[in-house]
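Geometric and topological summary
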Amino acid sequence: MKSRTLIALLSLICVQGLAMAQYIWVDEKGNKQYSDTAPPASVPKSRIIKAPGASSGTVTAPAATSPAAPSAPAKPQTTASKNEDYNKRRTEQAEAAQKNAAEHQASQDKKQDCERARSYQRSLESGERVANVDSKGERFFLDDNQRSKELDQVKKALANCQ
């Protein structure tokens, strides 16, 4: 009975050692890092203090490193750089939206101007009397020469409307 208990106790102690496998390494700021997962690929082997399965005097490479790790490891982004990237993207989106709105407004204005010019052209070509107001506020009617000049100007303006 005691031998069974002793064997069970020893096997639990052995399994417990595997369950508490930890990596210990020193990061680039000099702080010790403790984790149950392998350190990032950017950590050189010389900075790994303890890895699971390594003897107490030697340090082995972590088993979870990927063979396709980049040769030049990228630095992890800090919160400040993430915020800077986010603000930059947000500013670019706002500028793009503002530019799009300005282009849309310009196209709407051009469309209205073209419609006004077409309407004025129809009025001039209809042969009806067309009245304008001078600088003194007095109304006057266009004669045939003025009508033809106005019609030429409207046609030039409509050349840009397609």
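Up top you'll find the structure we're talking about.
Residues numbered from 1 in each chain as written. Predicted model: local features only at pLDDT ≥ 70, side-chain atom pairs only at ≥ 80, totals over all residues. Heavy atoms only, no water.

**Observations regarding the packing of aromatic side chains**
Quick note on the threshold: Side-chain rings of Phe, Tyr and Trp (the six-membered ring for Trp) are treated as a pair once their centres are within 6.5 Å; stacked means planes under 30 degrees apart, edge-to-face means over 60, and tilted covers the remaining angles. Two limits define a charge over a ring: the Lys NZ or Arg CZ must be within 6 Å of the ring centre, and within 35 degrees of the ring normal.
This structure, assessed with the given rule, holds zero aromatic pairs. A cation over an aromatic ring shows up here: arginine 129 above the ring of phenylalanine 141, its NZ or CZ 3.9 Å from the ring centre.

**A few points about helix H2 (residues 79-126)**
What counts, and what does not: A run of H or I in DSSP becomes a helix once it reaches four residues, and a run of E becomes a strand once it reaches two; helices and strands are each numbered from the N terminus. Here a helix's expected span is defined as the number of its residues, less one, multiplied by 1.5 Å. Contacts are assigned to residue pairs with any non-hydrogen atoms lying within 4.5 Å of each other.
The end-to-end C-alpha distance of H2, which contains 48 residues, comes to 70 Å, matching closely the 70 Å that a straight helix rising 1.5 Å per residue would cover. Those residues of H2 hidden inside the fold are in contact with helix H3 (144-159). One or two positions beyond H2, positive phi appears at glycine 127, with a value near 90°.

**Concerning the pattern of salt bridges**
Formally: For salt bridges, the criterion is a side-chain nitrogen of Lys or Arg within 4 Å of an Asp or Glu carboxyl oxygen. Between buried and exposed lies partly exposed: a residue is buried under 20% and exposed over 50% of the maximum accessible area for its type, with that area taken using a 1.4 Å probe on protein chains only.
Summed over all chains, the structure comprises two salt bridges. Residue aspartate 113 is joined to arginine 116 by a salt bridge in which the shortest nitrogen-to-oxygen separation is 3.0 Å. One end of the pair is aspartate 113 and the other is arginine 116, both in helix H2 and three residues apart, which spans about a single turn. Judged by its relative accessible area of 45%, aspartate 113 is partly exposed. For arginine 122, the salt bridge goes to glutamate 115, with nearest N and O atoms at 3.7 Å. Look at arginine 122 and you get partly exposed, because its relative accessible area is 49%. A relative accessible area of 42% places glutamate 115 in the partly exposed class.

**Observations regarding the pairing of strand S1 (residues 23-26)**
Here is the rule: Strand pairing follows a simple DSSP-based rule, namely that at least 2 bridges must link the two strands.
Here S1 pairs with strand S2 (residues 32-35) via four bridges, running antiparallel. From the neighbouring strand, tryptophan 25 faces S2, where its bridge partner is glutamine 33. Linking S1 to S2, which pair antiparallel, is a turn of five residues; within it glycine 30 sits at a positive phi near 95°. Across two bridges, S1 lies against strand S3 (residues 48-50) in antiparallel orientation.

**Considering the sheet that holds S2**
Using the following cut-off: Every axis in this analysis is a line fitted to C-alpha atoms, fitted for helices over the stretch in contact. Angles between the N-to-C directions lie between 0 and 180 degrees.
Here we have three strands laid out as an open sheet, ordered S2-S1-S3, and antiparallel in their pairing. Each of the sheet's edge strands pairs with one partner strand only, and the pair in question is S2 and S3. Within this sheet the neighbouring strands show an average axis-to-axis angle of 25°, counted without direction.

**Points about the environment of glutamine 121**
Inspection of the secondary structure puts glutamine 121 in helix H2. We classify glutamine 121 as buried; its relative accessible area is 16%. Separated by 29 residues in sequence, glutamine 121 and glutamate 150 place their C-alpha atoms 8.6 Å apart. For glutamine 121, the residues in contact, after removing those within four places along its chain, are Leu151, Val154, Lys155 and Leu158.

**A look at the side chain of aspartate 27**
Our working rule: For this count, His and the chain ends are skipped, Lys and Arg are scored as positive, and Asp and Glu as negative. Polar contact criterion, stated in full: a pair of N or O atoms within 3.5 Å, where within protein one must be able to donate a hydrogen and the other to accept it, and residues adjacent in sequence count only if both atoms are side-chain atoms.
With respect to the element layout, aspartate 27 can be found in the loop between S1 and S2. Lysine 29 is the oppositely charged side chain nearest to the buried, salt-bridge-free aspartate 27, at an N-O distance of 6.3 Å. Only 2.7 Å separates the side chain of aspartate 27 from the backbone nitrogen of asparagine 31, close enough to count as a polar contact. Setting aside chain neighbours within four positions, we find aspartate 27 in contact with Gln33 and Arg47.

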